[in-house]
Amino acid sequence: MKMFFKFVLIFSLLILATNSKSICNNTTDQELLKNAFKSVSGFNFSWLKPSDSNCSSPHIQEIRLPSRNLSGIISWKFFKNMTNLNVIDLSNNSIQGHIPGWFWSIKSLKQVNLARNMLGGSIGFAHNLNLSSIKALNLSTNRFTNLGKLSGFTNLQILDLSSNNLGSLSSDFSNLTKLVSLNISNCKISGSVKIISGFGLLKYLDVSNNSMTGSFPGDFPPLGGLKFLNVSLNNFTGVVNSKKFGSSAFIQGGKFNLTRAKNPSNSTHFKPNPHQKNTTQKQNHHPPVHRTKTKKPKPNIKTLTIWVGSISLFFVVSIAICIFCMYRKRKTATRKKWAISTPIQLPFKLEKSGPFSFETESGTSWVADIKEPTSAPVIMSSKPLMNLTFKDLIAATSHFGKDSLLSEGRCGPLYRAVLPGDLHVAIKVLENAREITDEEAVAIFEGFSRLKHPNLLPLCGYCIAGKEKLVLYEFMANGDLHRWLHELPTLKPNVEDWSTDTWEHHNISGSHVSSPEEKTNWLTRHRIAVGVARGLAYLHHAGSTHGHLVSSNILLSDTLEPRIADFGLRNIGPENKVNREESENAFDVYRFGVVLIEILTGKEESDENVEWVRRLVKEGRGVDALDARLRVIGDSVSEMVECLRVGYLCTAELPSKRPTMQQVLGLLKDIHPELS
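Because the structure is predicted, anything quoted here is derived from the model rather than measured. (Residues numbered from 1 in each chain as written. Predicted model: local features only at pLDDT ≥ 70, side-chain atom pairs only at ≥ 80, totals over all residues. Heavy atoms only, no water.)

*Asks:* Describe the sheet that holds strand β26 (residues 468-474), and please don't skip the residues or the numbers.
*Replies:* What holds strands together in a sheet is hydrogen bonding between their backbones, with the strands either parallel or antiparallel. Sheet architecture is open: seven strands sit in the order β21-β20-β25-β26-β24-β23-β22, paired in antiparallel fashion. The open sheet has two edge strands with one neighbour each: β21 (388-389) and β22 (405-408). Examined bridge by bridge, β22 and strand β23 (residues 413-419) share three bridges and lie antiparallel to one another. By the bridge assignment for β23, Glu408 is matched with Pro413. Sitting on the sheet, helix α8 (residues 438-449) touches β24 (423-430), β25 (459-465) and β26, and the angle it makes with β25 is about 170°. (Pairing = 2+ DSSP bridges. Helix = DSSP H or I, 4+ residues; strand = E, 2+ residues; numbered from the N terminus. Contact = heavy atoms within 4.5 Å. Axes fitted to C-alpha atoms, helices over the stretch in contact; angles between N-to-C directions.)

As structure tokens, then:
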């Protein structure tokens, strides 16, 4: 009996050891991945975080390496035996080559994002028997030339093939009936759209900028469930009602008839009143003698006189009303530019063809070299279902007029606007981005839009109009830190200083506008400094840099929460690209130190001020550099001096002696932990 129990115990231990080995002994995953990326430059295996930290060689379930400057050809064959791989995100790199058909049938794969690379060849399976578990597939902005067998994508719900050179849709494209989102825009596709008519679950459909044909809405998927539709720049025919999707969804989409324009005309001109018709027929039966005996000359003259007078009065009153409305509209637009809630309804004189030139206050100009302003869409990352074009931006800024101009900074002019839905934005024209390609710009802007942090000013959207690249930001009512600091204590606006990128100070209804008391409060300034440090530390952690942090591109929200703007824009041009990431981080730390010194001293940024403060701190007389307007409460003097010491460390001449932004954030939080 004892021998039996010993046998069972030993057998159980062997099974446990075998299972443990199968779970944890996953050296092959790591070796396979290293071999797969062997010919890819820029790859660093340490970027990947294994899912099972309890094992010495854990499974790899996710490969997320977007925007890592990877280039070369991946050896896809090594992915075949990675049985736990669920997610692959290699978007926004420079990966080349083609993808073998068997790759899509890896059973564990659920999400694949290979957008914005240089992949080519065919998309699909090699055999009809292959099945895929992939639910979301993004292959946009690549070089794919045709579609293979797609019937195996039985679980696909999201598909983005936009900006490829597909030419046509394969016959088994109709089998993707589970699709909820489909984007095949800008793929040079010709042929009928009817092949996707059975996609009854679609909520998002974009087939724009192709050469597709078909009847609308008969050849399209059911419109009832669609929340977004874009069929522009195609060769469709049919009858549309643009009320649901907006007129921009059908621009140059083919030969359409609008139902709203057709019905009123029919009822007005082609349907006579039956009662009037019967009356006329009855009058025709009366003999002429009855009409001659009735005395109607005077009533006819009087009626004619009244009719002529009424018409004249109507024209006079109409002209007067038009003049009054034009005068009032101009006056209202001058006084209340922010009252524009629906800029798409503003009058806009559409020229026959571009380019469109806009002059700034300094006398310089920028040109959108496009034939029609509606041909340049505005991509709203915060509200992707908004149908806006460059024409809407022209209307919302009064033709990018001087009244809408906020400033002219080192990156380009900055305008204010109110988009539909009362969305207050600032629009920046990036003069240093004219020479980069559209694909590079899209990749950069989408990368910026993915950087989400409470202390970063989010990118609301972007628009590419010819060579001009425009970015949209949320408007900040309290302006920028530079003016907030240097308008103390009277808040007199400095309307003459347009040398830097600033937000004009406006008190929008419902917004909190800071008071002089808040500006003299040390704790408020410390909280702003911590917020800026937190935002910059996040940028560095995300593998990005700012490039030129100054107090004028630190915006203040309604609650005086700092938001860093313009991150990455200084280095967006080809001539400004820097390959020394470590030195860029160190430069950001130096710039933060300069801003921190500006916050504490109340003096505008200058090299002389930095040298002066560094000398005082080194001599132990940092208190002499503090802003005299700051109110002293408790231990606030020692806290301010300690904060100056942090600025001293950040502005060290040797980059190697400067702390990281994560260390800077820790130092500032330790000065006043309860407020951090």
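*Asks:* Let's hear about the pattern of salt bridges: which residues, and what values?
*Replies:* Scanning the model with the defined rule gives 14 salt bridges in all. Residues Asp627 and Arg525 are paired through a salt bridge, measuring 3.1 Å at the closest nitrogen-oxygen approach. Highlighted residues: Asp627 in the loop between α13 (607-618) and α14 (636-650) and Arg525 in helix α11 (residues 522-541), separated in sequence by 102 residues. There is no split in this pair, since Asp627 and Arg525 are both buried. (Salt bridge = Lys/Arg side-chain N within 4 Å of Asp/Glu carboxyl O. Buried < 20%, exposed > 50% of the residue type's maximum accessible area, 1.4 Å probe, protein only.)

*Asks:* Break down the sheet that holds strand β10 (residues 158-160) for me, with residues and values.
*Replies:* What the eight strands build is an open sheet, ordered β2-β4-β6-β8-β10-β11-β13-β15; its pairing is parallel. Looking at which strands have only one partner, the edges of the open sheet turn out to be β2 (62-64) and β15 (228-230). Looking at each pair of strands side by side, their axes are set apart by 10° on average, direction ignored.

*Asks:* A description of the packing of α11 against helix α15 (residues 661-671) should follow, citing residues and the corresponding values.
*Replies:* Orientation of α11 relative to α15, taken along the N-to-C sense of each, is 155°, at an axis distance of 8 Å. By the angle class used here, α11 and α15 are roughly antiparallel. For the crossing formed where α11 meets α15, the hand is left-handed. Packed against α11, whose contacting residues are His526, Ala529, Val530, Ala533, Arg534, Leu536, Ala537 and His540, the element α15 presents Met661, Gln662, Leu665, Leu668, Lys669 and Ile671 at the interface. Here the residues of the contact of α11 with α15 are counted per class, giving nine nonpolar, three polar and two charged. (Parallel < 35°, antiparallel > 145°, perpendicular 65-115°, else oblique. Left-handed = near helix turned anticlockwise from the far one by under 90°. Nonpolar A, V, L, I, M, F, W, Y, C, P; charged D, E, K, R; others polar.)

*Asks:* Tell me what's going on with the pairing of strand β14 (residues 211-216), and back it up with residues and numbers.
*Replies:* Here β14 shows a clear split, with Met212, Gly214 and Phe216 buried on one side and none of Ser211, Thr213 and Ser215 buried on the other. Bridge count for strand β12 (residues 190-192) against β14 is three bridges, and the pairing is parallel. Bridge pairing links Ser190 to Ser211 in β14. Summarising the sheet, β14 and strand β16 (residues 235-240) pair through four bridges and their orientation is parallel. Counted as the bridge partner of Gly214 is Phe236 from β16.

*Asks:* Describe the environment of Gly225, with residues and values.
*Replies:* Inspection of the secondary structure puts Gly225 in the loop between β14 and β15. Each C-alpha atom of the pair Gly225 and Gly200 lies 7.8 Å from the other, and the pair is 25 residues apart in sequence. The contacts of Gly225, once residues within four sequence positions are left out, are Leu202 and Lys203.

*Asks:* Can you break down the side chain of Glu598 residue by residue, with the values?
*Replies:* Along the chain, Glu598 turns up in helix α12 (residues 581-601). No salt bridge is formed by the buried Glu598, whose closest oppositely charged neighbour, Arg591, lies at an N-O distance of 6.6 Å. With residues up to four places along the chain from it excluded, the contact list for Glu598 reads His482, Leu485, His486, Ser551, Lys603, Glu604 and Glu605. (Lys, Arg positive; Asp, Glu negative; His and termini not counted.)

*Asks:* Describe unusual backbone geometry, with residues and values.
*Replies:* A cis geometry characterises the amide bond from Phe216 onward to Pro217, with omega recorded as 5°. Structurally, Pro217 is set in the loop between β14 and β15. Although it is not a glycine, Asn186 adopts a positive phi angle of roughly 55°. On the secondary structure map, Asn186 appears in the loop between β11 (181-183) and β12. Residue Asn186 is classed as partly exposed on the basis of its relative accessible area, which comes to 34%. Even without a glycine there, the phi angle at His399 is positive, about 65°. Among the structural elements, His399 can be located in the loop between α7 (390-396) and β22.

*Asks:* Account for the packing of α13 against α14, with residues named and values stated.
*Replies:* Where α13 meets α14, the axes come as close as 10 Å, and the angle between the chain directions of the two elements is 120°. By the angle between their axes, α13 is oblique relative to α14. α14 is crossed by α13, and the crossing has left-handed handedness. Residues Val613, Arg614, Val617 and Lys618 of α13 lie in contact with α14, whose contacting residues are Leu644, Arg645 and Tyr648. Taken together, the residues of the contact of α13 with α14 break down into four nonpolar, no polar and three charged.

*Asks:* Talk me through the packing of aromatic side chains; I want residue IDs and the actual numbers.
*Replies:* Here the structure, examined in full by the defined rule, presents 24 aromatic pairs. Taken together, a centroid distance of 6.3 Å and an interplanar angle of 70° make the contact between Phe37 and Phe79 edge-to-face. Residue Phe37 is found in the loop between α2 (27-36) and β1 (40-41), and its partner Phe79 is found in the loop between β3 (71-73) and β4 (87-89); the two are separated by 42 residues along the sequence. There is no split in this pair, since Phe37 and Phe79 are both buried. Judged by centre distance (5.7 Å) and plane angle (75°), the rings of Phe448 and Phe567 are edge-to-face. A residue pair is termed long-range when its members are at least 10 positions apart, and Phe448 in helix α8 and Phe567 in the loop between β28 (562-564) and α12 qualify at 119 residues. Each member of the pair, Phe448 as well as Phe567, carries the same accessibility label: buried. By the ring-pair criterion, three or more aromatic residues cluster together here, those being Phe37, Phe43, Trp76, Phe79, Trp102, Phe103, Trp104, Phe125 and Phe153. Over the face of the ring belonging to Trp102 we find Lys80, whose NZ or CZ atom lies 4.6 Å from the ring centre. Above the ring of Tyr648, the side-chain terminus of Arg614 is found at 4.2 Å from the ring centroid. (Phe/Tyr/Trp six-rings, centres within 6.5 Å; stacked < 30°, edge-to-face > 60°. Lys NZ or Arg CZ within 6 Å of the ring centre and 35° of its normal.)

*Asks:* Go over the nonpolar core with me, naming the residues and quoting the values.
*Replies:* The nonpolar side chains of a soluble globular protein tend to be buried with one another. Ranked by internal contacts, the top residues of the largest apolar core, which has 66 residues, are Phe37, Phe79, Leu90, Trp104, Phe173 and Leu182. Of all the secondary-structure elements, those providing two or more residues to this core are α2, β7 (118-123), β9 (143-147), β14 and β16. Broken down by element, the residue count for this core peaks at three residues, all from α2. The residues touching Leu90, leaving out its near neighbours within four places in the chain, are Phe37, Ile63, Leu65, Leu70, Ile74, Ile95, Asn113, Leu114 and Asn117. In terms of nonpolar packing, the next biggest core, distinct from the first, is built from 63 residues, Phe448, Leu569, Leu644 and Leu668 among them. (Core = buried A, V, L, I, M, F, W, Y, C linked by side-chain atoms within 4.5 Å.)

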